[in-house]
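Coordinate analysis (summary)
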Amino acid sequence: NQERVIDAYFDSSVGLGYRLGRLHINSCDFSEGNWSCCRAEGDLQLATFGLERYERAIFPFLRSAVRAAKRPQPQAAAAGGAG
């Protein structure tokens, strides 16, 4: 289950104790489809920017990793094109 996998990576008492994570910006090779944080193509003012997908799927995982590590996790964000 997800908790066992998170512990295996981030909890140093039972797993690897990873201290660094990488978050993608927009979709990536492992995403379920192509998506962007901006819902309108060409939105240079970021009027349609939103983090709904992160709130739903990515941030809960990140919070679990921080809890398993028992300390804050440094993060690196990577930007790339969708698809």
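Attention in this report is confined to the structure presented alongside it. (Residues numbered from 1 in each chain as written. Predicted model: local features only at pLDDT ≥ 70, side-chain atom pairs only at ≥ 80, totals over all residues. Heavy atoms only, no water.)

**Observations regarding the layout of surface pockets**
- Considered as a void within the structure, the largest pocket measures approximately 660 Å³ in volume.
- As for the largest pocket, its lining consists of 21 residues, of which Arg22, Leu23, His24, Ile58 and Phe61 are closest to the centre.
- For the lining of the largest pocket, the secondary-structure elements that each account for two or more residues are helix H1 (2-10), strand E1 (21-25) and helix H2 (52-69).
- Broken down by class, the residue content of the lining of the largest pocket amounts to twelve nonpolar, five polar and four charged. (1 Å grid on protein atoms, 1.4 Å probe; cavity = no way out; pocket = protein on both sides within 12 Å on 5 of 7 lines; lining within 4 Å. Points joined across faces, edges and corners; volume = space filled by probe spheres on them. Helix = DSSP H or I, 4+ residues; strand = E, 2+ residues; numbered from the N terminus. Nonpolar A, V, L, I, M, F, W, Y, C, P; charged D, E, K, R; others polar.)

**Here's the deal with a nonpolar patch on the surface**
- A cluster of nonpolar side chains, Val5, Tyr9, Leu16 and Tyr18, forms an exposed patch at the surface whose accessible area comes to about 390 Å².
- Taking relative accessible area as the criterion, leucine 16 reaches 55% and is therefore assigned exposed. (Patch = residues over 30% accessible without salt bridge, like charges linked within 9 Å, V, L, I, M, F, W, Y side chains within 5 Å. Areas by Shrake-Rupley, 256 points an atom, 1.4 Å probe, with all protein chains shown as cover. Salt bridge = Lys/Arg side-chain N within 4 Å of Asp/Glu carboxyl O. Buried < 20%, exposed > 50% of the residue type's maximum accessible area, 1.4 Å probe, protein only.)

**Topic: the packing of aromatic side chains**
- In this structure the tally under the stated criterion is five aromatic pairs.
- Each ring, one from phenylalanine 10 and one from tyrosine 18, has its centre 6.4 Å from the other, and the planes form 90°; the classification is edge-to-face.
- For phenylalanine 10, a relative accessible area of 11% corresponds to the buried category.
- Take tyrosine 18: its relative accessible area is 39%, and that puts it in the partly exposed class.
- Site record: aromatic cluster; members linked through ring pairs are Tyr9, Phe10 and Tyr18. (Phe/Tyr/Trp six-rings, centres within 6.5 Å; stacked < 30°, edge-to-face > 60°.)

**A word on unusual backbone geometry**
- In this structure, asparagine 26 is a non-glycine residue whose phi angle is positive, near 75°.
- Relative to the assigned elements, asparagine 26 resides in the loop between E1 and H2.
- The class of asparagine 26 is buried, set by a relative accessible area of 16%.
- With a phi close to 60°, leucine 46 is a non-glycine residue in the positive phi region.
- Position of leucine 46 among the secondary structure elements: in the loop between E1 and H2.

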